[in-house]
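The lines below spell out each chain.
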Amino acid sequence: MTIDWAHFTPGASFAGGVLIGLAAAMLVLLNGRIAGISGIVGGLMRPRRGEILWRLAFLAGLFAAPPLMVLLLGHPLPAPRIEAAFGTLIAAGLLVGIGTSYGSGCTSGHGVCGISRLSPRSVVATAAFMLAGIATVFLVRHVV
Amino acid sequence: MNLAAAFASGLVFGLGLIISGMTDPGKVIGFLDVAGYWDPSLALVMAGAILIGFFAFQLAAKRERSFLRGAMHLPRRGDIDKRLVLGSLLFGVGWGLAGFCPGPALVSFASGVEAAATFVLAMLGGMVIHAAMERLIHAPRGH
């Protein structure tokens, strides 16, 4: 294992993580809800009374983040490094959509909120998606 | 008030994702690539988020109602079933293929990143497929 010092951003990543934790804290303490993105979006697929507006408000906030960040920085956000081709993006999106619905959560719901709650389900889910992600990247980058 | 709180939470969440670098799939794949040049940043994102989250959820667990006097909707399940593990494994494969998970993909989509739009549409498609399959399996049969 070699550390990629050129891309490692401990300070910014920890600070960003603290903000994500604060956002999850706000949502659970003020709204009594879990800040799990796949769960929030998935709940809109089978809409029920009282389950729509807060989800849309949260997503509106999420969508407002990039323009606010650009405003604060005074310059555009750095371009993301995306290697996946069109077909891969489609396959990946389908897997993420079906997998997070089937497994009741993603990196935010299980990885952040669930582990914070010390939920055994979320610890298992997080271990499963981390291992599957590591295995996939290993196959794509070092085998195929 | 509830909606303003949800909006603010989404906004702070999105800013956190951008500042942490998680909206860059290269950074996510750099974390998952333990056999190559490893970028440990994602571990620090989790550490920062869980550090705050731990205390917030300790407090939340003790409360009957939220600070805005709404009901608490906390998951109560503790069982580990096949769906949880299988679903999470599928999610992990998709995550590793593109370097996108739902939150960062939506934020990148909002920044106008074309690849993120493709991913988000497929992800929503996956969620619709799942919902349709559930309806088919659990559909009430005739009398």
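Below, the structure is looked at part by part. (Residues numbered from 1 in each chain as written. Chains lettered and ligands numbered in written order. Predicted model: local features only at pLDDT ≥ 70, side-chain atom pairs only at ≥ 80, totals over all residues.)

1. So, the overall build of chain A
The number of helices and strands found in chain A is six helices and one strand. Along its sequence from the N terminus, chain A presents helices and strands in the succession β-α-α-α-α-α-α. With the C-alpha coordinates of chain A rotated into their principal frame, the extents come out at 50 × 40 × 35 Å. Within chain A, the proportion of its 144 residues that are buried is 53%. Pairs at least 24 apart in sequence give 39% of the contacts found in chain A among residues at least 6 apart. (Helix = DSSP H or I, 4+ residues; strand = E, 2+ residues; numbered from the N terminus. Buried ≥ 20, exposed ≤ 12 C-beta atoms within 10 Å, placed from the backbone. Contact = placed C-beta atoms within 7 Å.)

2. Let's talk about the nonpolar core
Within the largest apolar cluster, 88 residues are counted, with the highest numbers of intra-cluster contacts made by I20, A23, A24, V28 and A92 of chain A together with A105 and F119 of chain B. Here this core takes twelve residues from helix α1 (residues 10-31) of chain A, the largest share from any one element. Once residues lying within four places of it in the same chain are set aside, the contact partners of A24 of chain A are A35, V112 and C113 of chain A together with A49, G53 and A56 of chain B. (Core = buried A, V, L, I, M, F, W, Y, C linked by C-beta atoms within 7 Å.)

3. Topic: the interface of chain B and chain A
For interface size, the figure often reported is the accessible area lost on association. Counting residues at the interface gives 104 residues for chain B and 102 residues for chain A. Elements with a contribution of two residues or more to the side of chain B that touches chain A: α1 (2-20), α2 (25-32), β1 (37-38), α3 (41-62), α4 (82-98), α5 (102-110) and α6 (114-138) of chain B. Of all the elements, α1 of chain B adds the most residues to the side of chain B that touches chain A, at 18 residues. Here the residues of the side of chain B that touches chain A are counted per class, giving 68 nonpolar, 30 polar and six charged. Sheet topology note: the strand β1 (residues 2-3) of chain A/β1 of chain B ladder contains two bridges and is parallel. (Nonpolar A, V, L, I, M, F, W, Y, C, P; charged D, E, K, R; others polar. Pairing = 2+ DSSP bridges.)

4. So, helix α6 (residues 120-143) of chain A
For α6 of chain A, which comprises 24 residues, the first-to-last C-alpha distance of 33 Å matches the rise-based estimate of 34 Å (1.5 Å per residue) to within 8%. Along α6 of chain A, the positions that sit buried rather than exposed are R121, S122, A125, T126, A128, F129, M130, A132, G133, T136 and V137 of chain A. Elements in contact with the buried residues of α6 of chain A: α5 (107-116) of chain A together with α2 and α4 of chain B. (Expected span 1.5 Å × (residues − 1).)

5. Thoughts on the packing of α6 of chain A against α4 of chain B
The interhelical angle for the contact between α6 of chain A and α4 of chain B, taken along N-to-C directions, is 35°, at an axis separation of 7 Å. For the pair α6 of chain A and α4 of chain B, the sense of crossing is right-handed. Where α6 of chain A abuts α4 of chain B, its residues R121, V124, A125, A128, F129, M130, L131, A132, G133, T136, V137 and V140 of chain A lie against L84, V85, S88, L89, F91, G92, V93, W95, G96 and L97 of chain B. Of the residues in the contact of α6 of chain A with α4 of chain B, the class split is 16 nonpolar, five polar and one charged. (Axes fitted to C-alpha atoms, helices over the stretch in contact; angles between N-to-C directions. Left-handed = near helix turned anticlockwise from the far one by under 90°.)

So far we have only geometry, and geometry alone does not tell us how the molecule works.
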